[in-house]
Amino acid sequence: MQLDIPLRKTPGFVSRCIGDDTIIVPVRGGVGDLEAIFTLNPVGRTIWERIDGNTSVIGLADAVSQQYEIDQATAAADVAEFVDLLAAKGLLTSEGLSP
């Protein structure tokens, strides 16, 4: 994965914060698919909220590094792994992600 390419969310998902968690629900045909809910912890929420079509893995790692006071290398590795998971679950478009 290229770390400097902006990431984009796949259309058709809604997210809501409930306590410390964020849930992401795919909406198909105007109805939420409750069988495919994806739950994020606070760090996942930090990343998800910053995926805006302009921010790359490097930018996301900078935000995580600053907010959670961890070193840049650790943040970059963790964010890249999480972004790969989001992509595998269909939450990110292939545009902006390397094959």
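Structure's up top.
Presented here is a report on the structure given in the accompanying data block. Predicted model, so just to flag it, every value in this text is computed and none were measured. (Residues numbered from 1 in each chain as written. Predicted model: local features only at pLDDT ≥ 70, side-chain atom pairs only at ≥ 80, totals over all residues. Heavy atoms only, no water.)

**So, unusual backbone geometry**
Our working definition: A run of H or I in DSSP counts as a helix once it spans at least four residues, and a run of E counts as a strand once it spans at least two, with each numbered from the N terminus.
Positive phi values are uncommon outside glycine, yet Glu69 reaches one of about 50°. Looking at the secondary structure, you find Glu69 in the loop between helix H2 (57-68) and helix H3 (72-88).

**Observations regarding the nonpolar core**
Rule in force here: Among buried residues, those of type Ala, Val, Leu, Ile, Met, Phe, Trp, Tyr and Cys that are joined through side-chain atoms within 4.5 Å constitute a nonpolar core. Relative accessibility decides the category of a residue: with a 1.4 Å probe and only protein chains considered, values under 20% of the type maximum give buried, values over 50% give exposed, and everything between is partly exposed. Residues count as neighbours in contact if any of their non-hydrogen atoms are within 4.5 Å of one another.
Membership of the largest hydrophobic core comes to 19 residues, with the highest contact counts inside it found for Ile47, Trp48, Ile51, Leu60, Val79, Val83 and Leu86. Among the elements that line this core, the one with the most residues is H3, at 6 residues. Among all residues touching Leu60, those that are not within four sequence positions of it are Leu7, Ile47, Arg50, Ile51, Thr55, Val79 and Val83.

**Re the packing of H2 against H3**
Two measures define how a pair of helices packs: the angle their axes make with one another and the distance between the axes. We count it as follows: Axis lines are fitted to C-alpha atoms, over the contacting stretch for helices. Their N-to-C directions set the angle, which ranges from 0 to 180 degrees. Throughout this description, any angle smaller than 35 degrees is read as roughly parallel, any larger than 145 degrees as roughly antiparallel, any in the 65 to 115 degree range as roughly perpendicular, and the remainder as oblique. Should the near helix be turned anticlockwise from the far one by less than a right angle, the crossing is left-handed, and should it be turned clockwise, the crossing is right-handed.
With their axes 8 Å apart at the nearest point, H2 and H3 run at an angle of 125° to one another. Judged by the inter-axis angle, H2 sits oblique to H3. Judged by the twist between their axes, the crossing of H2 over H3 is right-handed. Across the interface between the two elements, Val57, Ile58, Leu60, Ala61, Asp62, Val64 and Ser65 from H2 touch Gln72, Ala75, Ala76, Val79, Ala80 and Val83 from H3.

By themselves these figures say nothing about function.
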